[in-house]
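Observations on chain architecture
Residue-level listing of the chains:
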Amino acid sequence: MIRNDKITPEGTGDLLFLECEAQNAVIGLLREGFEKRGYREVRTPGLEFYDVFSSKAAYYRPESMYKLTDDRGRLMAVRPDSTIPIARMTATKLKGSALPIRIYYAQQVFRRQPELRGKRAEIMQMGIELIGDAAFESDVEILTAAAESLAACSPALFRIELGHVGVFNRLMSLLEAGPEEKERIHGHIAAKNYAALSDVLEGTPQTDVAEMLRALPRLFGGAEALEEARALFRGRDPVLPEMLAYLERIYGVLRGLDLGDRIMIDLGLVNQAEYYSSLAFKGYTDFSGDAVLFGGRYDGLFKDFGEDLPATGFAVHVDALADGRLKRSLAACGAPREPGPGEPGLPPSESKAPAPAVAPQETARLRIALTKGRLEDAVVAMLARAGCDVGLLRDKGRRLLLPIPGTNMEVVLAKAADVITYVEHGVCDVGVVGKDTIAERGGVYYEILDLGVGKCRFALAARADADFYGGFGAKRIATKYPNVASSWFESKGMDVEIIRIEGSVELAPLLGLADGIVDIVETGGTLRENGLTVIEDIRPVSARMIVNVASMKLKKKEIDALAANLQEVRGE
Ligand code: PRP
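Notes on the overall build of the chain
- The helix and strand inventory of the chain stands at 19 helices and 23 strands.
- Residues counted as buried form 50% of the 572 residues belonging to the chain.
- Look at the contacts in the chain between residues 6 or more apart in sequence, and 69% of them connect residues 24 or more apart.
- On the chain, roughly 26,300 Å² of surface is accessible, and the fraction owed to carbon and sulfur atoms is 52%.
- In the chain, the 71 positive side-chain charges and the 82 negative ones have mean positions that sit 2 Å from each other.

Right, dumping it as structure tokens:
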């Protein structure tokens with residue numbers, strides 16, 4: 001029997017000296033800021049009864065929690081979140097206390113993560129909750145504390161984006177669409193997948209609501225995003241302008257606090273914890289490919305615990321900030337490393353002062369991961385049409401990292417699946433990859449442009465001389481795309497056995513390993529020459545521009561400019 005006695009579970013790990021020191025420094029800075037504002041520390045147990053997290057609203061998907069049973073057979077959950085246990089605790093232990101209550105915490109949460117994606121399952125979080133105060137000022141207090149927290153830990157570069165989940169919820173309640181369509185719309189808005197969102201909305205009645213939803217993911221940036229939203233909502237709905245006015249008021253106050261362009265708006269901010277009810281926000285820093293701070297108002301949560309208390313708060317990922325601190329100090333020590341994407345240069349030494357200093361913003365560097373092979377030529381040609389000097393890209397030899405002279409961009413050549421990995425982790429800001437790989441791999445990033453090149457389609461194919469749908473047994477399907485294939489057959493209600501093949505998948509039916517294949521078909525030549533034929537088309541495929549979520553916030557100007565240039569020269 002293999003004993004796992006020398007390793008730690010995926011998503012967890014030991015912290016050695018430097019990592020502990022960095023975490024402690026971050027915890028110290030945050031604690032100082034929270035206590036100065038009158039917040040007092042609480043701790044909730046690492047194990048809770050599962051029922052705490054499985055209210056009517058079901059804020060956490062069961063599969064994202066670690067579950068176990070106690071000695072009486074009762075189902076327990078390892079804490080996946082601190083806000084819900086704090087609501088439980090406040091509604092019971094602190095019932096009747098003078099309001100508002102100001103609480104802070106520093107404790108781990110545990111969330112099951114998809115395998116091998118490099119995400120942490122054990123996350124050290126610190127956060128504050130302001131409970132029992134529905135006033136505008138309480139949201140300002142929380143947001144100011146959030147900005148101060150990021151400024152203290154990541155003074156060189158941070159951004160906070162504000163959204164209002166009420167806008168999305170209102171539009172969805174008015175949209176005439178089924179639950180499955182609504183779920184797809186949610187996903188496409190969260191991923192800023194404009195093209196796919198448009199496709200789904202095409203299938204719904206062409207109303208004002210559909211038009212507003214279509215525009216939602218593009219409404220992000222500075223004051224101009226608010227302007228556009230105002231114009232879009234005007235005269236179309238009685239409630240949306242009120243929500244927008246609240247957001248504008250908060251934005252105005254925060255801009256007045258000398259936060260410069262640190263504060264952004266994103267009306268397409270929808271993928272927050274489900275308990276947020278109105279204002280929602282996220283924070284981003286350099287050296288981290290994902291949001292490091294999550295917060296908002298959650299006025300409905302206490303009802304699950306028998307109380308009716310308004311509340312607002314946020315959580316910061318301490319380990320992400322500590323990682324950033326370590327990487328920044330390595331860079332400052334002159335380690336042989338150039339500043340990475342989003343790093344305008346070496347950050348000033350970390351100051352204890354929580355004042356949100358605003359560093360001048362230079363033109364940030366963009367690192368673009370480009371899929372090697374078939375797509376490469378088409379995209380290099382597009383860059384040339386967009387006026388880039390692509391000489392180095394055309395004459396690259398064996399080099400994999402190539403600058404585009406005269407620009408702030410450099411190109412990384414990688415395999416399709418790795419393009420997604422690099423973009424997800426934020427080591428590349430932008431990726432160009434086929435929709436086939438996106439559909440198979442999933443992941444968290446924005447998919448903002450269909451480049452109109454690399455066009456082909458997913459199809460089910462089988463031997464031309466066989467009756468694929470004949471007979472009773474479950475069919476065997478060979479494919480390089482097991483996720484795409486299984487979800488397509490599932491949607492048809494068809495039981496199949498999927499066999500994963502790495503390449504030249506056409507061989508599988510010829511050798512008798514499978515009844516059919518799910519693969520991409522471009523010209524159809526490979527199928528024809530091997531005696532196979534398309535049984536059904538599954539979906540079209542083309543190259544997409546994907547963007548790391550943090551880069552989209554930290555380098556919006558540069559990414560918008562690149563997308564606009566590529567849009568101009570895109571294939572048809
Ligand atoms: C893809 C696909 C088909 C072929 C289809 O394979 O898996 O085999 O292209 O193109 P066609 O319709 O124009 O003939 P790829 O060339 O990427 O190689 P692989 O199968 O070895 O991965």
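Re the packing of aromatic side chains
- Across all of its chains, the model carries 10 aromatic pairs by this definition.
- Seen from their ring centres, Phe34 and Tyr104 are 5.7 Å apart, and the 55° between their planes marks the pair as tilted. Separated by 70 residues along the polypeptide, Phe34 in helix H1 (residues 17–36) and Tyr104 in strand E5 (residues 101–110) bring together distant segments of the chain. In this structure, Phe34 and Tyr104 share a single accessibility class: buried.
- Between the aromatic rings of Phe136 and Tyr246, the centroid separation amounts to 5.7 Å while the plane-to-plane angle is 90°, which identifies the pairing as edge-to-face. Here Phe136 is found in helix H3 (residues 136–153), whereas its partner Tyr246 is found in helix H9 (residues 240–255), with 110 residues between them in sequence.
- Residue class for Tyr246 comes out partly exposed when judged on its relative accessible area of 21%.
- Through successive ring pairs, a cluster of aromatic residues spans Tyr59, Tyr275, Tyr276, Tyr298 and Phe302.
- The ring of Phe158 is capped by Arg262, whose NZ or CZ atom sits 4.8 Å from the centre of that ring.

Re the confidence of the model for the chain
- Per-residue pLDDT for the chain has a mean of 91; in total, 94% of the residues score no lower than 70.
- The low-confidence segment residues 336–361 (pLDDT under 50) makes 55 contacts with residues lying over four places distant or belonging to another chain.

Examining the site of the ligand
- Near the ligand you find 13 residues, and of these Lys480, Glu506, Asp519, Thr523 and Thr526 are the closest.
- Side-chain polar atom of Asp519 to an oxygen atom of the ligand: 2.6 Å apart, as the coordinates give it.
- Here an oxygen atom of the ligand and a side-chain polar atom of Thr526 are 2.3 Å apart.
- Protein contacts shield 72% of the accessible area of the ligand, which totals 500 Å² for the unbound molecule.
- Mapping the ligand onto the cavity grids shows that it belongs to the second largest pocket.

As for the packing of helix H4 (residues 165–174) against helix H7 (residues 208–215)
- Taken N-terminus to C-terminus, the directions of H4 and H7 make an angle of 145°; their axes are 9 Å apart at the nearest point. Classified by chirality, the crossing of H7 by H4 is left-handed. On H7, the residues that touch Phe168, Leu171, Met172 and Leu174 of H4 are Val209, Met212 and Leu213.
- Considered class by class, the residues forming the contact of H4 with H7 number seven nonpolar, no polar and no charged.

A word on the pairing of strand E9 (residues 263–266)
- Of the two faces of E9, the one lined by Ile263 and Ile265 and the one lined by Met264 and Asp266 are each fully buried.
- The pairing of strand E7 (residues 158–164) with E9 spans three bridges and is parallel. Note that in E9 the partner of Leu162 across the bridge is Ile265.
- In terms of strand pairing, strand E8 (residues 220–221) meets E9 through two bridges, oriented antiparallel. When the sheet's bridge partners are listed, Phe220 is paired in E9 with Asp266.

A closer look at helix H8 (residues 223–233)
- Residues of H8 that are buried include every one of Ala225, Leu226, Ala229, Leu232 and Phe233, and no others. Buried residues in H8, looked at end-on, bunch into an arc of 125°, giving them a common side.
- As for H8, its buried residues are in contact with H4, H7, E8, H9 and E9.
- In the stretch just after H8, Gly235 is the one whose phi turns positive, near 70°.

Describing the pattern of salt bridges
- Inspection of the entire model under this criterion finds 43 salt bridges.
- In this structure, Glu41 engages Arg43 in a salt bridge whose closest nitrogen and oxygen atoms are separated by 3.2 Å.
- A residue is classified by how much of its surface remains accessible, and Glu41, at 29% relative accessible area, is partly exposed.
- Between Glu522 and Arg374 there is a salt bridge; the shortest N-O distance is 2.2 Å. Taken as a pair, Glu522 in the loop between strand E21 (516–521) and helix H17 (525–529) and Arg374 in helix H11 (residues 374–385) lie far apart in primary sequence, 148 residues in all.
- For Glu522, a relative accessible area of 46% corresponds to the partly exposed category.
- Looking at Arg374, the relative accessible area reads 71%, which means it is exposed.
- Shared partners join several salt bridges into a network, and the residues in it are Lys435, Glu447, Asp450, Arg544 and Arg570.

With respect to the side chain of Ser288
- Inspection of the secondary structure assignment puts Ser288 in the loop between strand E10 (279–285) and strand E11 (293–297).
- Separated by 3.1 Å, the side chain of Ser288 and the backbone oxygen of Asp290 make a polar contact.
- Apart from residues lying up to four places away in sequence, Ser288 is in contact with Ala320 and Ala550.

What about H11?
- Those residues of H11 lying buried are Leu375, Glu376, Val379, Val380, Met382 and Leu383. One side of H11 holds all its buried residues, which, seen down the axis, span an arc of 155°. Across from the buried face of H11, at angles greater than 90 degrees, the exposed residues are Arg374, Asp377 and Arg385.
- Each element contacted by the buried residues of H11 is listed here: strand E13 (366–371), helix H12 (391–394), strand E15 (409–414), strand E16 (430–434), strand E23 (543–547) and helix H19 (556–568).
- Immediately downstream of H11, the backbone of Gly387 shows phi near 95°, a positive value.

Thresholds, definitions, all that
Residues numbered from 1 in each chain as written. Predicted model: local features only at pLDDT ≥ 70, side-chain atom pairs only at ≥ 80, totals over all residues. Heavy atoms only, no water. Helix = DSSP H or I, 4+ residues; strand = E, 2+ residues; numbered from the N terminus. Buried < 20%, exposed > 50% of the residue type's maximum accessible area, 1.4 Å probe, protein only. Contact = heavy atoms within 4.5 Å. Areas by Shrake-Rupley, 256 points an atom, 1.4 Å probe, with all protein chains shown as cover. Lys, Arg positive; Asp, Glu negative; His and termini not counted. Charge placed at Lys NZ, Arg CZ, Asp CG, Glu CD. Phe/Tyr/Trp six-rings, centres within 6.5 Å; stacked < 30°, edge-to-face > 60°. Lys NZ or Arg CZ within 6 Å of the ring centre and 35° of its normal. pLDDT = per-residue confidence, 0-100. Near = heavy atom within 4 Å. Polar contact = N/O pair within 3.5 Å; in protein donor to acceptor, adjacent residues only side chain to side chain. 1 Å grid on protein atoms, 1.4 Å probe; cavity = no way out; pocket = protein on both sides within 12 Å on 5 of 7 lines; lining within 4 Å. Sits in = over half its atoms within 2 Å of the grid points. Axes fitted to C-alpha atoms, helices over the stretch in contact; angles between N-to-C directions. Left-handed = near helix turned anticlockwise from the far one by under 90°. Nonpolar A, V, L, I, M, F, W, Y, C, P; charged D, E, K, R; others polar. Pairing = 2+ DSSP bridges. Arc of directions from axis to C-beta. Salt bridge = Lys/Arg side-chain N within 4 Å of Asp/Glu carboxyl O.

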